[in-house]
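# Structural overview
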Amino acid sequence: MAEEMESSLEASFSSSGAVSGASGFLPPARSRIFKIIVIGDSNVGKTCLTYRFCAGRFPDRTEATIGVDFRERAVEIDGERIKIQLWDTAGQERFRKSMVQHYYRNVHAVVFVYDMTNMASFHSLPSWIEECKQHLLANDIPRILVGNKCDLRSAIQVPTDLAQKFADTHSMPLFETSAKNPNDNDHVEAIFMTLAHKLKSHKPLMLSQPPDNEIILKPEPKPATTCWC
Ligand SMILES: Nc1nc2c(ncn2[C@@H]2O[C@H](COP(=O)(O)OP(=O)(O)OP(=O)(O)O)[C@@H](O)[C@H]2O)c(=O)[nH]1
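Predicted model only: the values in this text are computed from it and were never measured.

With that settled, consider the environment of Ser171. Topologically, Ser171 is positioned in the loop between helix 5 (160-169) and strand 10 (174-176). Ser171 sits 27 residues away from Ile144 along the chain, and the two C-alpha atoms are 8.7 Å apart.

Structure below.
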């Protein structure tokens, strides 16, 4: 499978709701784009997971995300080149408030993340699920649950069977992984590629590329039913 790594892009918003890529490195017109939001408590590793998938490595250092960053990567699936756009959202409440309504526009999938070494981050999951509900995310949007930092074996607080029960209750697949050590458990690469395969059969956002280099995301009509199984 041919794939192409791309650099991290900072997202900025205009009043029209347009998203501009700061790098100036833009995809060809009318690529298919899938928007995946990554949410969970601060410090669970959302930035590191999205960086691992888009840049192919663990970042040297991270700081608390303010508002939202997005990173994207082009992948080829069954001969078609698509863009996976990962929206890395701030876990800290004070850094979310002004941006939160932007995350939830035109979302194709949600990745809930907890830190396997931090039980509190697991107990926060219902409030993240509730936030999705409050923003009227459609029930048929694929959701997955990711336990991160499984490389810290001696510090694990969240047992797999407990997480699996929670995932089953909420009809989500569970993955345990490490953004730091790609050889641990489920690979970050495999998790996002699995999601990409599922999404490929969904109706995507279409990308139009106006002359001022501003990317405008326009939703296509949603299919009547979608199966996530
Ligand atoms: N050992 C280990 N550390 C990790 C892993 N993923 C992230 N970290 C560390 O956990 C800390 C937080 O990572 P971030 O990716 O910034 O967390 P975040 O969820 O994006 O945090 P906010 O931006 O505040 O919401 C950093 O010190 C990372 O180096 C992992 O898989 N294993």
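Picking up after the structure, the text goes on.
Before going further, it helps to examine helix 5. All of the buried residues in helix 5 are Ala163, Phe166 and Ala167. Along the axis of helix 5, the buried residues cluster in a sector spanning 100°; they form a single face. Facing away from the buried side of helix 5, by more than 90 degrees, are the exposed residues Asp161, Lys165, Asp168 and Thr169. The inward-facing, buried residues of helix 5 contact strand 8 (109-115), helix 3 (119-123), helix 4 (125-134), strand 9 (143-148) and strand 10. Where helix 5 terminates, the next one or two residues include Ser171, which has phi positive at roughly 50°.

Residues Leu125, Trp128, Ile129, Glu131 and Cys132 constitute the buried set of helix 4. One side of helix 4 holds all its buried residues, which, seen down the axis, span an arc of 155°. Residues of helix 4 that are exposed and point more than 90 degrees away from the buried face comprise Lys133 and Gln134. Along its buried surface, helix 4 packs onto strand 5 (32-39), helix 2 (100-103), strand 8, helix 3, strand 9 and helix 5. Note on helix 4: the residue one or two positions beyond its end, Leu136, has a positive phi of about 60°.

Moving on, we get to the side chain of Arg73. Structurally, Arg73 is set in strand 6 (residues 68-77). A residue is classified by how much of its surface remains accessible, and Arg73, at 1% relative accessible area, is buried. There is a polar contact of 2.8 Å between the side chain of Arg73 and the backbone oxygen of Phe53. Here Glu189 takes part through its side chain, which lies 2.9 Å from a polar atom of the side chain of Arg73.

Criteria and cut-off values
- Residues numbered from 1 in each chain as written.
- Predicted model: local features only at pLDDT ≥ 70, side-chain atom pairs only at ≥ 80, totals over all residues.
- Heavy atoms only, no water.
- Helix = DSSP H or I, 4+ residues; strand = E, 2+ residues; numbered from the N terminus.
- Buried < 20%, exposed > 50% of the residue type's maximum accessible area, 1.4 Å probe, protein only.
- Arc of directions from axis to C-beta.
- Contact = heavy atoms within 4.5 Å.
- Polar contact = N/O pair within 3.5 Å; in protein donor to acceptor, adjacent residues only side chain to side chain.

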